[in-house]
Amino acid sequence: PSRTRGLLQEGIAFGLIFFLAILIALVLLLPVAELAGFSARQKGMAVPMYSNMMAWDVTRLYQSVVVFAGMKYEAETLRGPGIVVLLLALAGCFHRNRKLVAIMGLLTYGLIDCGFGPPFPIASLVDLITPFSQSAYSRGFDFALLPLGLLAGLGVDALWQRRGSGKARAVTALLLVY
């Protein structure tokens, strides 16, 4: 009962914070929503896509995310985290703080979803509720690097907290420093 009560209290607190954030954001969003109809990027207008990751082939996506072979053109916003960060983020999934891992994982997924654009569910929802047309969905991927980096940090902590002999800890330390 006390665990359920604690979760209920956290849920209510989260709901109140979310509601308060919406009220604060409305101060800026209402004028923007009113003036968005006069913008050159209003919904329904043909806006050229600066970066369309859905049109990329698998090789280019792999190169951009895993090894980052460099920008192919100046408006490309996708920056690859690299294989080490991806492996550390995977190790972060085994961290003892499951709640934080779940939050960072869901946040990373949501932002990567927004980075790929409308065929994906969260990006479709954002596209539906915003009064303007997007020109570069891949900018969402840049924001996804923060929770992914935090997940990688949890991976470092999970590897460091692992029980083992002195040799195993020394090898782990050398690999993390390398």
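Conventions adopted
- Residues numbered from 1 in each chain as written.
- Predicted model: local features only at pLDDT ≥ 70, side-chain atom pairs only at ≥ 80, totals over all residues.
- Heavy atoms only, no water.
- Helix = DSSP H or I, 4+ residues; strand = E, 2+ residues; numbered from the N terminus.
- Buried < 20%, exposed > 50% of the residue type's maximum accessible area, 1.4 Å probe, protein only.
- Contact = heavy atoms within 4.5 Å.
- Areas by Shrake-Rupley, 256 points an atom, 1.4 Å probe, with all protein chains shown as cover.
- Axes fitted to C-alpha atoms, helices over the stretch in contact; angles between N-to-C directions.
- Left-handed = near helix turned anticlockwise from the far one by under 90°.
- Nonpolar A, V, L, I, M, F, W, Y, C, P; charged D, E, K, R; others polar.
- Phe/Tyr/Trp six-rings, centres within 6.5 Å; stacked < 30°, edge-to-face > 60°.
- Salt bridge = Lys/Arg side-chain N within 4 Å of Asp/Glu carboxyl O.

Trainee: How should the overall build of the protein chain be read in this particular structure?
Mentor: Of regular secondary structure, the protein chain possesses seven helices and zero strands. Within the protein chain, the fraction of its 178 residues that count as buried is 25%. Across the protein chain, the fraction of contacts at a sequence separation of at least 24, relative to all contacts at a separation of at least 6, is 60%. Of the roughly 12300 Å² of accessible surface on the protein chain, a fraction of 72% belongs to carbon and sulfur atoms.

Trainee: What exactly am I supposed to notice about the packing of helix H4 (residues 98–116) against helix H5 (residues 121–129) here?
Mentor: Two quantities define a packed helix pair, namely the angle between the helix axes and the distance between the axes. Packing of H4 against H5 brings their axes to within 7 Å, and their N-to-C directions diverge by 65°. At the point where H4 passes H5, the crossing takes the right-handed sense. For the pair H4 and H5, the contacting residues are Tyr109, Gly110, Asp113 and Cys114 in the first and Pro121, Ile122, Ala123 and Val126 in the second. A breakdown of the residues in the contact of H4 with H5 according to their chemical character gives six nonpolar, one polar and one charged.

Trainee: Mind showing me how you'd approach the packing of aromatic side chains here?
Mentor: Each aromatic ring pair is summarised here by two numbers: the centre-to-centre distance and the angle between the ring planes. One pass over the structure, following the stated rule, counts one aromatic pair. Ring centres of Phe14 and Phe18 lie 6.4 Å apart, and the angle between their planes is 20°; this geometry places the pair in the stacked category. One end of the pair is Phe14 and the other is Phe18, both in helix H1 (residues 2–36) and four residues apart, which spans about a single turn.

Trainee: Please clarify how the pattern of salt bridges should be interpreted in this entry.
Mentor: Between side chains of opposite charge, a pair can form when the charged atoms approach closely. On inspection of all chains with the given rule, the structure shows one salt bridge. Where Glu10 meets Lys99, a salt bridge forms, and the shortest distance between an N and an O atom there is 2.6 Å. A residue pair is termed long-range when its members are at least 10 positions apart, and Glu10 in helix H1 and Lys99 in helix H4 qualify at 89 residues. Glu10 sits in the partly exposed class, given a relative accessible area of 42%.

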